[in-house]
Amino acid sequence: WLFLLSDEGRLFRFQARFGKTITELRPIESSSIRKANGRKLKKWQRDTEGLVLDGRGRLYASFEGKPRIARLSYD
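Below is a short write-up of the structure. Since the structure is predicted, the reported quantities are computational estimates derived from the model, not experimental observations.

Each strand in a sheet pairs with another by means of backbone hydrogen bonds, the pair being arranged parallel or else antiparallel. Taken together, the three strands give an open sheet; going across it, the order is 1-2-3, and neighbouring strands pair in antiparallel fashion. Looking at which strands have only one partner, the edges of the open sheet turn out to be strand 1 (2-5) and strand 3 (22-32). Going from strand to strand, the sheet's axes swing by 25° on average, the running direction of each strand aside. Relative to strand 2 (residues 10-18), strand 1 is paired through four bridges, and the arrangement is antiparallel. By the bridge assignment, Leu2 is partnered in strand 2 with Phe14.

Structure below.
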């Protein structure tokens, strides 16, 4: 999988195959990042900046406007 994160809190997941370049890129899904209770983030809360995958396969996003880091679920 290849995950991409927009600057407005949208997470994209692709199936990717890598060689010297990306040889295959197939979109799987996209969704807006939401709060743990399922509610949408307000515009000023969804200023996402970075995305990282840890050694256990957990996704974390960093945010600008109100600086913070949040763990994302695959849901």
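We are not done yet, so read on.
The strand order across the open sheet built from three strands is 4-5-6, with neighbouring strands paired in antiparallel fashion. If you trace the sheet from one side to the other, it starts and ends with strand 4 (48-53) and strand 6 (68-72), each paired once. Going across the sheet, the axis of each strand differs from the next one's by a mean of 25°, ignoring polarity. With five bridges joining them, strand 5 (residues 59-63) and strand 6 adopt antiparallel strand pairing. Across the sheet, Ser62 pairs through a bridge with Ile69, a residue of strand 6.

Conventions we followed
Residues numbered from 1 in each chain as written. Predicted model: local features only at pLDDT ≥ 70, side-chain atom pairs only at ≥ 80, totals over all residues. Heavy atoms only, no water. Pairing = 2+ DSSP bridges. Helix = DSSP H or I, 4+ residues; strand = E, 2+ residues; numbered from the N terminus. Axes fitted to C-alpha atoms, helices over the stretch in contact; angles between N-to-C directions.

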